[in-house]
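Letter by letter, the chains look like this.
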Amino acid sequence: MTTQFPVLQTISAPAVLVVDDDEAIREMLAAVLTRDGLSVTTAADGVEAVAAFAAQRHAVVLMDVRMPRMTGLQALAEIRKLDRSTAVILMTAYAEVGAAVQAIKDGAFDYVIKPFDIAEILLQVGRALQMRRMRDDIATLHRELSSSYRTDRILTASPRMSELLQTIAKVAKSNATVLVTGESGTGKELVAAAIHYNSPRNAGPFVKVNCAAVPEGLLESEFFGHEKGAFTGAQARRRGRFEQAGHGTLFLDEIGDISPSLQVKLLRVLQEREFERVGGAELVRTDVRVIVATNRNLEEMVRQGLFRQDLYFRLNVVTLRTVPLRERPEDVRLLASHFLQRFAAENRIEVSGIDEQAMERLLAYRWPGNIRELSNAMERAVVMSTGAMIVTEDLPEQIAGQAGDSEAAAENDGDGAAAPSAAGSLREQVSRFEARVVAEALARNDGNRMKTAQQLGISRRSLLYKLQEYGIS
């Protein structure tokens, strides 16, 4: 039989426990819920319900409030001791609504009033199952995210990076404040995330704030929140990042950019574990681990009077320095191959590898932008590639052109005349042909880029790169 409530069919045979001292109600509800694809267990009172739940965890408990031996409210308390994630829906008489409302405050999912409509019961059970599935999905995503930040899952072949990862594993077990220093693009946020997801706080939130990206006048509100009417536009109370990160980790990037007045307030919250929202007088307690990062020299800023010395000492409990890419050449080949596979899959482009000459350019480059620059370079190379392998010409100009003089000398025939390059000529012909195909496809679709990309079998991002490369408007 097809159910009128398809949401109940989205979960494979969820278990529902029906509890009521009226046998007719139990049998009727069991028949309806079983018809809709659910696995149903029944119990005649609270004592049987707790025993049945202890023997098998149920996704939803549909339970009467007034029963002999043990009431529904008492059974609710016992069930929540066994599993707080189960949704308990109470069935109650109108006169007991106040008790049911209190039960919701104590952890019940919802209630229905007797005599009830079957449609209402199915709707409530469907909502409860949907909520349970969402929680399970979030828990699964959290486990996958935590797994991806395990220190043994971070790609590296560098002894220096391996040493850093070992230190991260030790630091993660503590609650110590951590200062992460290093150049832009070296993975300071990755270090902070690895600390959080390998720590006892990993079930809590990991909240990030880029201090340089928030206007100075709004940064205090970003940190601590504000009360309604605290300033123009503050139309309601807002929780700040310190509250949002409760029982988790707060990552403050570019900490060297905060103003002296905010430095004072940050020092206070780190020492006292409390703060006031902007425009408020209420003290708000916080339980959060703080990790900060900067690419600036805080010691020098202290000497110049730009950064408070007491705050620096408070932040500098444990200092971790990220390793720039030029100091870990072993990782260039590893990371380049990783990014190639990732961007080839994202853009649906078949590229099998990087030829040795192109790899030599990657290894010789100094990487001032570090891993972020390498990632961008490989994305560009994948998008611009016309063959099965990434070649030098696919790389950004600053990387591909770094050895141009030596190549020109090697291609000289000895009397000053440069020998023609067959490979270069072929590549030029391929590029001209590709430019013509792209331009014709764009014209056929009246300039619609989405349709053009679909027709060419490439992503819209790939098409945009090619339009820019070939100067097609």
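Residues numbered from 1 in each chain as written. Predicted model: local features only at pLDDT ≥ 70, side-chain atom pairs only at ≥ 80, totals over all residues. Heavy atoms only, no water.

**Student:** Explanation requested: the packing of aromatic side chains in the structure shown.
**Tutor:** Ring pairs (aromatic) are described by centroid distance and by the angle formed between their planes. In the structure shown here, the tally under the stated rule is ten aromatic pairs. Pairing Phe206 with Phe251 gives two aromatic rings, centres 6.4 Å apart and planes at 20°, and the pair type is stacked. Taken as a pair, Phe206 in strand β7 (residues 206-210) and Phe251 in strand β10 (residues 249-253) lie far apart in primary sequence, 45 residues in all. The class of Phe206 is buried, set by a relative accessible area of 16%. In this structure Phe251 comes out as buried when scored by relative accessible area, which is 1%. Pairwise contacts between aromatic rings join Phe223, Phe224, Phe242 and Phe275 into one cluster. (Phe/Tyr/Trp six-rings, centres within 6.5 Å; stacked < 30°, edge-to-face > 60°. Helix = DSSP H or I, 4+ residues; strand = E, 2+ residues; numbered from the N terminus. Buried < 20%, exposed > 50% of the residue type's maximum accessible area, 1.4 Å probe, protein only.)

**Student:** Sorry, what's going on with the sheet that holds strand β6 (residues 178-181) here?
**Tutor:** Two pairing modes exist for strands in a sheet, parallel and antiparallel, and in both the strands are linked by backbone hydrogen bonds. Ordered by their spatial adjacency, five strands build an open sheet running β7-β10-β13-β6-β14, and the pairing between neighbours is parallel. Each edge of the sheet is formed by a strand with only one pairing partner; in this case those strands are β7 and β14 (318-321). Averaged over neighbouring strand pairs, the angle between their axes works out to 20° when direction is ignored. Note that β6 and β14 share four bridges and pair parallel. (Pairing = 2+ DSSP bridges. Axes fitted to C-alpha atoms, helices over the stretch in contact; angles between N-to-C directions.)

**Student:** Is there a simple way to explain the packing of helix α6 (residues 159-172) against helix α7 (residues 188-197) in this structure?
**Tutor:** Packed helices, taken two at a time, are described by their axes: the angle between them and the distance between them. Packing of α6 against α7 brings their axes to within 8 Å, and their N-to-C directions diverge by 45°. The pairing of α6 with α7 is recorded here as oblique in orientation. Relative to α7, the crossing made by α6 is right-handed. Contacts between α6 and α7 involve Leu164, Ile168 and Ala172 from the former and Val191, Ala194 and Ile195 from the latter. Of the residues that constitute the contact of α6 with α7, the class distribution is six nonpolar, no polar and no charged. (Parallel < 35°, antiparallel > 145°, perpendicular 65-115°, else oblique. Left-handed = near helix turned anticlockwise from the far one by under 90°. Contact = heavy atoms within 4.5 Å. Nonpolar A, V, L, I, M, F, W, Y, C, P; charged D, E, K, R; others polar.)

**Student:** Would you explain the environment of Asn295 in this entry?
**Tutor:** Residue position: Asn295 is located in the loop between β13 (289-294) and α11 (298-303). Sequence-wise, Asn295 and Gly185 are 110 residues apart; in three dimensions their C-alpha atoms are separated by 9.6 Å. Those residues in contact with Asn295 that sit more than four places away from it in its chain are Gly182, Glu183, Ser184, Lys188 and Glu254. At 2.8 Å, the side chain of Asn295 forms a polar contact with the side chain of Ser184. (Polar contact = N/O pair within 3.5 Å; in protein donor to acceptor, adjacent residues only side chain to side chain.)

**Student:** Please clarify how a negative patch on the surface should be interpreted in this entry.
**Tutor:** Taken together, Asp21, Asp22, Glu23 and Glu27 make up a surface patch of like negative charges. Position of Glu23 relative to the elements: it lies in helix α1 (residues 23-35). Judged by its relative accessible area of 46%, Glu23 falls in the partly exposed class. (Patch = residues over 30% accessible without salt bridge, like charges linked within 9 Å, V, L, I, M, F, W, Y side chains within 5 Å. Areas by Shrake-Rupley, 256 points an atom, 1.4 Å probe, with all protein chains shown as cover. Salt bridge = Lys/Arg side-chain N within 4 Å of Asp/Glu carboxyl O. Lys, Arg positive; Asp, Glu negative; His and termini not counted. Charge placed at Lys NZ, Arg CZ, Asp CG, Glu CD.)

**Student:** Would you mind showing me how to read helix α20 (residues 460-470) here?
**Tutor:** Note: α-helices contain 3.6 residues per turn, so residues at a spacing of three or four share the same orientation. Among the residues of α20, Ser462, Leu463, Lys466 and Leu467 are the ones counted as buried. The buried side chains of α20 occupy one side of the element, clustering within an arc of 135° when seen end-on. (Arc of directions from axis to C-beta.)

**Student:** Just to check I follow, could you spell out the confidence of the model for the protein chain for this structure?
**Tutor:** When pLDDT drops low, the exact placement of atoms in the prediction is not to be read closely. Summing up the model confidence of the protein chain, the mean pLDDT is 85 and the portion of residues at 70 or higher is 87%. Low confidence marks residues 1-12, where pLDDT is under 50. Its contacts with residues over four positions away, or in another chain, come to 17 contacts. This stretch, residues 403-424, has a pLDDT under 50; its non-local contacts, to residues over four places away or in other chains, come to seven contacts. (pLDDT = per-residue confidence, 0-100.)

**Student:** Would you mind going over the pattern of salt bridges with me for this structure?
**Tutor:** If the charged atoms of two oppositely charged side chains come close together, the side chains can form a pair. A complete count under the given rule lists 28 salt bridges for this structure. Between Asp64 and Lys114 there is a salt bridge whose closest N-O contact spans 3.3 Å. With Asp64 in strand β3 (residues 60-64) and Lys114 in the loop between β5 (110-113) and α5 (118-148), the pair connects residues that are 50 residues apart, well separated along the chain. Judged by its relative accessible area of 23%, Lys114 falls in the partly exposed class. Between Glu276 and Arg268 there is a salt bridge, with the nearest N and O atoms lying 3.1 Å from each other. Glu276 gets classed as partly exposed once you look at its relative accessible area, which sits at 29%.

**Student:** Which parts of the structure should I look at to understand helix α15 (residues 370-384)?
**Tutor:** Here α15 is 15 residues long and its end C-alpha atoms lie 21 Å apart, about the 21 Å a rise of 1.5 Å per residue gives. Those residues of α15 lying buried are Asn370, Ile371, Glu373, Leu374, Ser375, Ala377, Met378, Glu379, Ala381, Val382, Val383 and Met384. Against α13 (330-346), β15 (353-354), α14 (356-364), β16 (389-390), α16 (397-400) and α20 lie the buried residues of α15. (Expected span 1.5 Å × (residues − 1).)

**Student:** For this particular structure, what's the right way to read unusual backbone geometry?
**Tutor:** Looking along the chain, the bond that leaves Lys114 and enters Pro115 is cis, with omega of -5°. Looking at the secondary structure, you find Pro115 in the loop between β5 and α5. In the Ramachandran plot, Arg348 falls in the positive-phi region, its phi being about 55° despite a non-glycine side chain. Secondary-structure assignment places Arg348 in the loop between α13 and β15. Look at Arg348 and you get exposed, because its relative accessible area is 55%. The phi dihedral of Trp367 falls on the positive side, at around 55°, and the residue is not glycine. Assignment of secondary structure puts Trp367 in the loop between α14 and α15.

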